[in-house]
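# Tertiary structure, described
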Amino acid sequence: MIQQQAAPRARRPRNGGRRPLAFLALWLVLLASAVGPASAADAAPKTFHIALVDDGPSQLAGELRTLFETELRALTEGEFALTFSRFQGSWTRASILDAAEAAYADPAVDLVLVTGLVANQIVGLRDDFPKPTFLPLALDADLLGLPRAGLGSGKRHLNYLANQADFQTSLDVYQRVMPIRRLGLLIDAVVLEALEKVEQRSRQAAQNDDVELVLIPYDDPEAALEALIPADVDAVMIDALARLDDAATDRLIAGLIERGMPSFSLYDDTFVRRGMLIADTPESDGQRLARRTALNMQAVMLGAPTRDQPVTFEGKRRLFINMATARAIDVYPPYSMLAEAILIEDIDVDDGPRWTLAQVAREAVRANLDLLAQRFGVAAGAEQIREARALLLPQITSDLSVTRLNGSSGTVRGGFAARRSTSLAVGVRQLLWSEPVRAGIDIERALQRGREAELARFRLDTVQVATVAFLNILRAETQLRVERNNLQLSWENLELAEDRVRIGSASASDVFRWESEVANAQQRAIAARTELLQARENLNRILNRPLLEVPRLEPATLEDPALLIGEGNLTALIDDPRAFQRMTALTVELALAQSPELAALRANIDAQARQLKSAQRSYVSPEVALSGQLSRVLEEDRVAGMSLDGEDDWSVNLIASLPLYEGGARAARVRGAAETLAQLRTQEAALAEQIEQTIRANLHRANGSYNSIALAENGARAARKSLALVTDAYSQGAVSVIELLDAQNAALIADEAASNAVYNFLIDLMNVQRASGRFDFFREPSDRRALIEALNDAVNREE
């Protein structure tokens, strides 16, 4: 079936209503009227009618027609007037040949552009070409037997473009990614019918790599194509899927992933971005191909012979790997290939819980194992207080005594001791007064306050490391994106250098220099990926999550409602030097009042002061205790004398004890306790200074990083504009490769600074809050309002 459809003519651009051009147009009309119709016809752009021949109805056919037509119109605008007609087959060899014959037979057609993938191969097998014919999608010139003479075809009315890459090249690349012994080739049956030698050539290429090739032709685009693939193949190569629409393509890709089947696209990276595993052709090749075709056709319109136009098109080989698919089918390419490939969805698969900055802070307090261990330590300390206090309560003891003596001894025979006796005694002791015991209780209470302060300190540290780990992940993700963009830019500049060398406007040293830069960019991208993986594992460890879990992080911003920085005019305080100084003074004051480090040290000071007081009281404070005992002889056997069998006995004692002289030990204890107390109080003053200095330093860093945000963004914009200008100048040979490298490096550094500016400030802000002893995430609404009011009062008060 042949369908013919005329395309609308291209519209000429309007003058936008500008008056001088309107007068000029009127003058030209009058001039044309004066000189007559023939002159007017000579002044009009020459019209060319172009026939577009494609395979049949499909989404890809429409996209290719649009691509080639758009490039032609853009290139010849203002020079030629173009009209288009569409000649379409119905996905059979005969119908495609009929469409081509109809295009040649149409007297209105000046040039024939074959846009169908299959039609390119079928039309290429013709012996003659009645009109200028362009075949931009020839798969393999040798396979089709296409002629070659110099740079062109040498055949009248024939121009084609054949990529220098071939099936063998792609197979070699795929063999490096993973070992293949049995390979399926999913290919349109129409292509097999059109190219009789494709099976033989493909099998020969596979045999060269010691691979068994299994051809899998398909004819029904609506069928479940994945079901056609044998279960015993290691992987499958897939053609351009010209007859499949997006929905059918996605069903095929999903089916291959479900089967765990590695898939290699022979078309371009668009299929990899949609879920296929590997491709080695970038999508940009299609745009370049359309532009090269448009240039060839323009030359013919200008009068050049079709046979002399270039027929070689060198595609840009670039390896693309979809890592999400690799993980889904449990296939992992070697690191050597990952280093040179463009990785799609590399490590961006989120399988963990979703976290905000505030949620991470709270979860760290709840789940961190180190913090949990500290809580156990505080609980153990509380028991030590109870243990010390227990000494002031009654102490009850019991003794069971069983005695057996030698019956022939004089003591037993004289009746002074029983030969056999068993007795039970219960004793009670109550401490009435003991300075060391009471001091021990007070000291343990003070130490417990210190343990609780240490717990608060450890809690702050945990929140700090968790929030900084969160922000480090975001920063690492950003850094990875920047490095990958830089790698992509380096690849593009390498291609630009290769193009310049090809046309003779640059030396091979430019290519070598960019190859080195690509290698460096790959190394930086690998390092950035490693940093991201480490940052994720670090956060998982802090939150007591599985280390390999990939957390889903909500981007942190200055407008985060959990942060006070997003409320009121607090950001303005950072930008106002006078306000910033007053805010700093209030922050220091609040930090010293709520610092857990100072609280812990002060608890130790209280304990040491009580220790000194107890040492001083030891000279005059005796220990007083009351004790009593009740005993019964349960059983007694005497040789002589009165038996105490069954007798009860009791006693009560009041004892006061005061050491009189310990060889100077008490004096040494007093002096030592006093010196230790002086040491701790000096440490308290030093710690207060250190805390103030730390807060001020962190506030200065936060001030600098906040004010750098806008500057970094401005710098990045300027660097990108400069890079675009230098790149354009390099493409025209106006600047050297060194200047382009400098511009790219400057843009890389500027992008890194701009991308990380907000995260750097938020990290500095977390450090400020840690040093101040309080995080915004744990403030009650009333506390938040009170703090904002205090800051505003401090800033606005009169000197």
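Residues numbered from 1 in each chain as written. Predicted model: local features only at pLDDT ≥ 70, side-chain atom pairs only at ≥ 80, totals over all residues. Heavy atoms only, no water.

### Overview of the overall build of the chain
Secondary structure summary: the chain contains 25 helices and 20 strands in total. Here the chain has a C-alpha radius of gyration of 45 Å; the compact-globule value for 799 residues is 28 Å, and the former is much larger. For the chain, the C-alpha atoms occupy an extent of roughly 155 × 80 × 45 Å along the three principal directions. Counting over 799 residues, the chain shows a buried share of 47%. A sequence separation of at least 24 residues applies to 77% of the contacts in the chain between residues at least 6 apart. Of the roughly 39400 Å² of accessible surface on the chain, a fraction of 54% belongs to carbon and sulfur atoms. Computed over 87 positive and 109 negative side-chain charges, the inter-centroid distance for the chain is 5 Å. (Helix = DSSP H or I, 4+ residues; strand = E, 2+ residues; numbered from the N terminus. Rg over C-alpha atoms; globule rule 2.2 N^0.38 Å. Buried < 20%, exposed > 50% of the residue type's maximum accessible area, 1.4 Å probe, protein only. Contact = heavy atoms within 4.5 Å. Areas by Shrake-Rupley, 256 points an atom, 1.4 Å probe, with all protein chains shown as cover. Lys, Arg positive; Asp, Glu negative; His and termini not counted. Charge placed at Lys NZ, Arg CZ, Asp CG, Glu CD.)

### Observations concerning the packing of helix α16 (residues 369–389) against helix α18 (residues 435–503)
Close contact between α16 and α18 brings their axes to 9 Å; oriented N to C, the two are set at 170°. Put simply, α16 runs roughly antiparallel to α18. For the pair formed by α16 and α18, the contact residues are D370, L371, Q374, R375, G377, V378, G381, A382, Q384, I385, A388 and R389 on the first element and V437, G440, I441, E444, R445, Q448, R451, E452, L455, F458, R459 and T462 on the second. In terms of residue class, the contact of α16 with α18 is made up of nine nonpolar, seven polar and eight charged. (Axes fitted to C-alpha atoms, helices over the stretch in contact; angles between N-to-C directions. Parallel < 35°, antiparallel > 145°, perpendicular 65-115°, else oblique. Nonpolar A, V, L, I, M, F, W, Y, C, P; charged D, E, K, R; others polar.)

### Some thoughts on unusual backbone geometry
The residue W91 is not glycine, and still its phi comes out positive at about 65°. For W91, a relative accessible area of 8% puts it in the buried group. Phi at L241 takes a positive value of approximately 55°, unusual for a residue other than glycine.

### A closer look at the sheet that holds strand β9 (residues 235–238)
Spatial ordering of the open sheet is given by β8-β7-β9-β10-β11-β13-β14, a layout of seven strands whose pairing is mixed. Among the strands making up the open sheet, the edge pair consists of β8 (212–218) and β14 (342–344). Here strand β7 (residues 182–188) runs beside β9; their pairing, made up of four bridges, is parallel. Residue pairing in the sheet places L186 in a bridge with I238 of β9. On top of the sheet, helix α7 (residues 167–177) reaches β7, β8, β9, β10 (263–265) and β11 (278–279); it is set at about 145° to β9, its chief contact. (Pairing = 2+ DSSP bridges.)

### Here's the deal with the nonpolar core
Side chains that are nonpolar tend, in soluble globular proteins, to be buried together. Residues F470, L471, M766 and F777 are the most contacted members of the largest nonpolar core, which totals 92 residues. Within the residue set of this core, elements represented by two or more residues are α15 (357–367), α18, α19 (508–542), α21 (577–594), α22 (596–617), α23 (665–731), α24 (737–772) and α25 (781–796). The element contributing the most residues to this core is α23, with 18 residues. Ignoring sequence-local partners within four residues, the contact set of L471 consists of L357, A556, Y759, L762, I763 and M766. Core analysis: the next-biggest nonpolar cluster, separate from the first, contains 84 residues, L82, Y160, V331 and L338 among them. (Core = buried A, V, L, I, M, F, W, Y, C linked by side-chain atoms within 4.5 Å.)

### Some thoughts on a nonpolar patch on the surface
On the surface, L432, W433, L626, L630, W650, V652 and L654 cluster together into a nonpolar patch covering about 750 Å² of accessible area. Listing elements by their share of the nonpolar patch, those giving two or more residues are β17 (420–433), β19 (623–637) and β20 (648–657). Per-element accounting of the nonpolar patch gives the leading share, three residues, to β20. The residue L432 is located in strand β17 in this model. (Patch = residues over 30% accessible without salt bridge, like charges linked within 9 Å, V, L, I, M, F, W, Y side chains within 5 Å. Salt bridge = Lys/Arg side-chain N within 4 Å of Asp/Glu carboxyl O.)

### Quick look at the sheet that holds β19
Taken in spatial order, the four strands make up an open sheet running β16-β17-β19-β20, and their pairing is antiparallel. With one partner strand each, in any of the chains shown, β16 (395–404) and β20 form the two edges of the open sheet. Recorded for the sheet is a direction-independent mean angle of 20° between the axes of neighbouring strands. The pairing of β16 with β17 spans ten bridges and is classified as antiparallel. Each residue of the ladder has a partner; that of S401, found in β17, is S423.

### Examining the pattern of salt bridges
Under the criterion given, the structure shown has 44 salt bridges. The salt bridge involving E554 is made with R354; its shortest N-O contact spans 3.0 Å. Note that E554 is positioned in the loop between β18 (552–553) and α20 (570–575) and R354 in strand β15 (residues 354–355), a separation of 200 residues in sequence. For the salt bridge of R524 with E483, the shortest nitrogen-to-oxygen distance reads 3.4 Å. Of this pair, R524 sits in helix α19 while E483 sits in helix α18; the two residues are 41 residues apart in sequence, bridging distant segments of the chain. For R524, a relative accessible area of 26% corresponds to the partly exposed category. One network of salt bridges, with partners in common, ties together E435, D442, R445, R610 and R617.

### Side note on empty space enclosed by the protein
Here the idea is plain: a probe the size of a water molecule rolls over the atoms and shows the empty space left. Following the criterion strictly, the structure yields two cavities of 30 Å³ or more and no others. In this structure, the largest cavity encloses a volume near 390 Å³. Taken together, 22 residues make up the lining of the largest cavity; nearest its centre are M583, T587, L765, V768 and L791. For the lining of the largest cavity, the secondary-structure elements that each account for two or more residues are α20, α21, α23, α24 and α25. Taken together, the residues that form the lining of the largest cavity break down as 14 nonpolar, five polar and three charged. The element contributing the most residues to the lining of the second largest cavity is helix α3 (residues 59–76), with three residues. (1 Å grid on protein atoms, 1.4 Å probe; cavity = no way out; pocket = protein on both sides within 12 Å on 5 of 7 lines; lining within 4 Å. Points joined across faces, edges and corners; volume = space filled by probe spheres on them.)

### Quick word on the pairing of β7
Most of β7 sits inside the fold, with seven of its seven residues counted as buried. Burial along β7 is two-sided: R182, G184, L186 and D188 facing one way and L183, L185 and I187 facing the other are all buried. Of the pairings in the sheet, the one linking β7 to β8 comprises seven bridges and is parallel in character. Residue pairing across strands places I187 opposite P217, the latter belonging to β8.

### With respect to α23
When the local axis directions of α23 are compared, the greatest deviation, roughly 35°, occurs at I709. Where α23 terminates, the next one or two residues include G733, which has phi positive at roughly 80°. (Bend = angle between axes of the 7 residues up to and from the residue.)

### Examining the environment of A100
Its place among the elements puts A100 in helix α4 (residues 93–105). Once the C-alpha coordinates of A100 and A497 are considered, the two residues, 397 residues apart in sequence, prove to be 39 Å apart.

### Considering the pairing of strand β2 (residues 46–54)
For a regular strand, side-chain orientation follows a simple rule: the groups alternate between the two sheet faces. Summarising burial for β2: seven of the nine residues are buried, a large majority. Handedness of the crossover is the feature at issue here: the chain leaves β2, passes through α3, returns alongside strand β3 (residues 80–88), and the resulting connection is right-handed. Where β2 and strand β4 (residues 111–114) come together, four bridges link them in parallel fashion. Each residue of the ladder has a partner; that of L52, found in β4, is L113. (Right-handed = clockwise from strand over helix to strand, strands pointing away.)

### Here's the deal with the side chain of D188
By secondary structure assignment, the location of D188 is in strand β7. Given a relative accessible area of 1%, D188 falls into the buried group. A distance of 2.9 Å separates a polar side-chain atom of D188 from the backbone nitrogen of V190. One polar contact links D188 to R243, side chain to side chain, over a distance of 2.8 Å. (Polar contact = N/O pair within 3.5 Å; in protein donor to acceptor, adjacent residues only side chain to side chain.)

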